[in-house]
Amino acid sequence: MRLTDNASVAKSEFEASYPQLSEKLLDRTLESLSKEDNLFIFPYDLLDSPDLEKEGKVLETVNNQIKTQNIIGFLGCGDERLSIHSRFANESDDYFLHYMLQKVLLLNLTSLDVGLSQEDSWYQLLVYLFPKYLQAALRKGFYKEYQRFFYNDSNVKGTIEVAQHIKQNVPFIGKVAYSTREFSYDNALMQLIRHTIVFIQHTVPNGRELLSSSPSIKENTAEIVRVTPSYQFLDRAKIIRENQNKPIRHAYYHEYRTLQRLCLMILRQEKHGLNQSNQKIHGLLFDVAWLWEEYLATLLGKDFEHPQNKAGKGAISVFSDRTRSVYPDFYSRQLGLVLDAKYKKLETTAKGIVREDLFQLISYTYLLEAKVAGLLFPSTEREVDNYIGKLAGYGGILKKWSLLIPQTADSYADFVHQIQANEASFQETIKTLNESEQTND
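To keep things clear, this report deals only with the structure shown in the data block. None of the values given here were measured: they were computed from a predicted structure.

All right, on to the overall build of the protein then. Within the protein one finds 15 helices and 18 strands. Relative to its full complement of 441 residues, the protein shows a buried share of 50%. The long-range share in the protein, meaning contacts at least 24 apart out of those at least 6 apart in sequence, stands at 73%. Total accessible area on the protein stands at roughly 21,600 Å², and carbon and sulfur atoms take up 47% of it.

Pasting the structure below:
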């Protein structure tokens, strides 16, 4: 059964195909899945991610139909495997998902492995996440913990190791065998990260390109190498076991705990189910609506504010006493524009937007006294530039625009060439909005 985002299938058909997943997955929230099951959910696992809708569901039951939301990815439970694809993907490749991830994660990759199985393709995306999660962890500084070090010299400052001393220093030659406990960066977790870097560089296609795709990624990689001088390739199995048996639990190092999970998944090459577990749901999920918004941020650039709810940045006050705020996706007071990202199918009719989206857009328009407000969405058949209406009052214009997603690319390079041309057209449309005459009524 092939599922895509924002689609539906008969509940009876789904339950017949996926009895275990139906029992453990239907109508559960992302927050519940993240806490109780072995799922890697991007970007929920990043502490500095925006305040996403944790009550969102992967699959929801509505009138005997199973509806997919803005969540795509790979899920498994026991022997069952379920892939939820982007609606812009073809039968074998999802160029648009790869492209958005590369843009949002600042990965400068010029090629893409094609012809992979579904599980191998999801595993490839898992590897893409490593630089971002490494960067998030390193913002807390290098992880350090007590390590026991063994010495044999005349500067005794710890616990004397009697057996080792007798073995090495009889007859007495002026040295003493002893050990100390010291804070060190060269520990099991940092070694795990080092082993993951080496694995990606030498085993994963495009791995070297991935870890050198930006100056910051190269610097982060070099720093991990620098602080792990005791690295030995043959220690990989031991390091994996140590990290499996000793997960990071300190709340301050939350980002390192997530990175530890990611490294273990990559090193164990969990492409076949992303974790063979018969008890819990496991897999990899992406919030593609968040990804769409962040991708648009790379296109709109510095001319627009991009508020972040969780960080409290860019808020717009609703009341004069500032007791309540809202967070438009993008706005520019200078240009008189406010834009809302929607990962929805909005190309059918000019005014075909739901009541909640309309009221949200109206409120943003009045609060910012914007000249033009609009919805930004991806389309498949044509580039959309639809007039919704002119507001009563001061006369703000409501519209909706789309970015056309190529559907007939012969290769990933061809897809990139096509979508970059569409991006240029989209950026030019947004740039000239405040210059165009507002003549529609």
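The tally for this structure, following the rule as stated, stands at nine salt bridges. The closest approach of N and O atoms between Glu-223 and Arg-226, which form a salt bridge, is 2.9 Å. Here Glu-223 and its partner Arg-226 are both found in helix H10 (residues 215–226), three residues apart, which amounts to about one turn of the helix. Where salt bridges share partners, they join Asp-340, Lys-342, Lys-344 and Asp-357 into one cluster.

Spatial ordering of the open sheet is given by E1-E7-E6-E11-E3, a layout of five strands whose pairing is mixed. One side of each edge strand has no neighbouring strand; the edge strands of this open sheet are strand E1 (3–4) and strand E3 (38–42). For E1 and strand E7 (residues 80–85), the ladder comprises two bridges, and the chain directions are parallel. For Leu-3, the partnering residue across the bridge sits in E7 and is Ile-84. In the packing of helix H5 (residues 118–128) onto the sheet, the strands contacted are strand E6 (71–77), E7 and strand E11 (282–287), and the crossing angle to E7 comes to about 65 degrees. Taken strand by strand, helix H13 (residues 288–300) contacts E3, E6 and E11, and its axis lies near 40 degrees from that of E11.

With that settled, the discussion passes to the packing of aromatic side chains. The full count for this structure, using the stated rule, is 21 aromatic pairs. Ring centres 5.2 Å apart and planes at 55 degrees place the aromatic pair Phe-40 and Tyr-133 in the tilted group. Here the residue Phe-40 occupies a position in strand E3, and Tyr-133 occupies one in helix H6 (residues 130–138), the gap between them amounting to 93 residues. With relative accessibility at 0%, the residue Phe-40 sits in the buried group. Taking the relative accessible area as the measure of exposure, Tyr-133 reaches 1% and is therefore buried. Residues Phe-42 and Phe-286 carry aromatic rings whose centres are separated by 6.0 Å and whose planes lie at 65 degrees to one another, so their mutual orientation is edge-to-face. Within this pair, whereas Phe-42 is found in strand E3, its partner Phe-286 is found in strand E11, the two being separated by 244 residues in sequence. Judged by relative accessible area, Phe-42 falls into the buried class, the value being 0%. Residue Phe-286 is classed as buried on the basis of its relative accessible area of 0%. Counting every residue linked through ring pairs, the aromatic cluster contains Phe-88, Tyr-95, Phe-96, Tyr-99, Trp-292, Tyr-295, Tyr-343, Tyr-412 and Phe-415. The lysine or arginine in question, Arg-87, covers the ring of Tyr-343, its NZ or CZ lying 4.4 Å from the ring centre. Residue placement shows Lys-140 over the ring face of Tyr-252; its charged tip is 4.5 Å from the ring centre.

Now for the pairing of E11. Among the six residues in E11, six count as buried, and that is most of the element. Of the two faces of E11, the one carrying His-282, Leu-284 and Phe-286 and the one carrying Gly-283, Leu-285 and Asp-287 are both buried. Of the strand pairs in this sheet, E3 and E11 are connected by five bridges, and their pairing is parallel. Opposite Ile-41, over in E11, you have Leu-285 as the bridge partner.

On to the nonpolar core. Counting 107 residues, the largest nonpolar core has Val-58, Leu-101, Leu-129, Phe-130, Ile-193, Tyr-256 and Tyr-295 as its most contacted members. Apart from residues lying up to four places away in sequence, Leu-129 is in contact with Phe-40, Phe-42, Leu-101, Leu-105, Leu-262, Leu-284 and Phe-286.

Next up on the list: the sheet that holds strand E15 (residues 337–341). Pairing in this open sheet of five strands is mixed, and the strands run E14-E15-E16-E18-E17 from one edge to the other. The sheet terminates laterally at strand E14 (330–332) and strand E17 (385–390), the two strands that pair on one side only. Mean inter-strand twist for the sheet, computed between neighbouring axes without regard to direction, equals 20 degrees. Inspection of the sheet shows E15 paired to strand E16 (residues 372–379) by five bridges, in the parallel sense. Bridge assignment links Val-338 to a residue of E16, and that residue is Ala-373. Against the sheet, H13 engages E14, E15, E16 and strand E18 (397–404), with an angle of about 115 degrees to E16. Contacts from helix H15 (residues 412–431) reach E15, E16, E17 and E18 within the one sheet, and its direction differs from that of E18 by about 165 degrees.

What follows deals with the environment of Leu-129. Here Leu-129 is to be found in the loop between H5 and H6. A relative accessible area of 0% means that Leu-129 is categorised as buried. Separated by 87 residues in the primary sequence, Leu-129 and Phe-42 have C-alpha atoms spaced 8.6 Å apart.

Okay, H15 next. Between the first and last C-alpha of H15 there are 28 Å, a value that for 20 residues agrees with the 28 Å anticipated at 1.5 Å per step. Every buried residue of H15 is listed here: Tyr-412, Phe-415, Val-416, Ile-419, Asn-422, Glu-423, Phe-426, Thr-429 and Ile-430. The buried residues of H15 occupy an angular sector of 140 degrees when projected down its axis, which confines them to one face. Residues of H15 that are exposed and point more than 90 degrees away from the buried face comprise Ala-413, His-417 and Lys-431.

Rules of the game
- Residues numbered from 1 in each chain as written.
- Predicted model: local features only at pLDDT ≥ 70, side-chain atom pairs only at ≥ 80, totals over all residues.
- Heavy atoms only, no water.
- Helix = DSSP H or I, 4+ residues; strand = E, 2+ residues; numbered from the N terminus.
- Buried < 20%, exposed > 50% of the residue type's maximum accessible area, 1.4 Å probe, protein only.
- Contact = heavy atoms within 4.5 Å.
- Areas by Shrake-Rupley, 256 points an atom, 1.4 Å probe, with all protein chains shown as cover.
- Salt bridge = Lys/Arg side-chain N within 4 Å of Asp/Glu carboxyl O.
- Pairing = 2+ DSSP bridges.
- Axes fitted to C-alpha atoms, helices over the stretch in contact; angles between N-to-C directions.
- Phe/Tyr/Trp six-rings, centres within 6.5 Å; stacked < 30°, edge-to-face > 60°.
- Lys NZ or Arg CZ within 6 Å of the ring centre and 35° of its normal.
- Core = buried A, V, L, I, M, F, W, Y, C linked by side-chain atoms within 4.5 Å.
- Expected span 1.5 Å × (residues − 1).
- Arc of directions from axis to C-beta.

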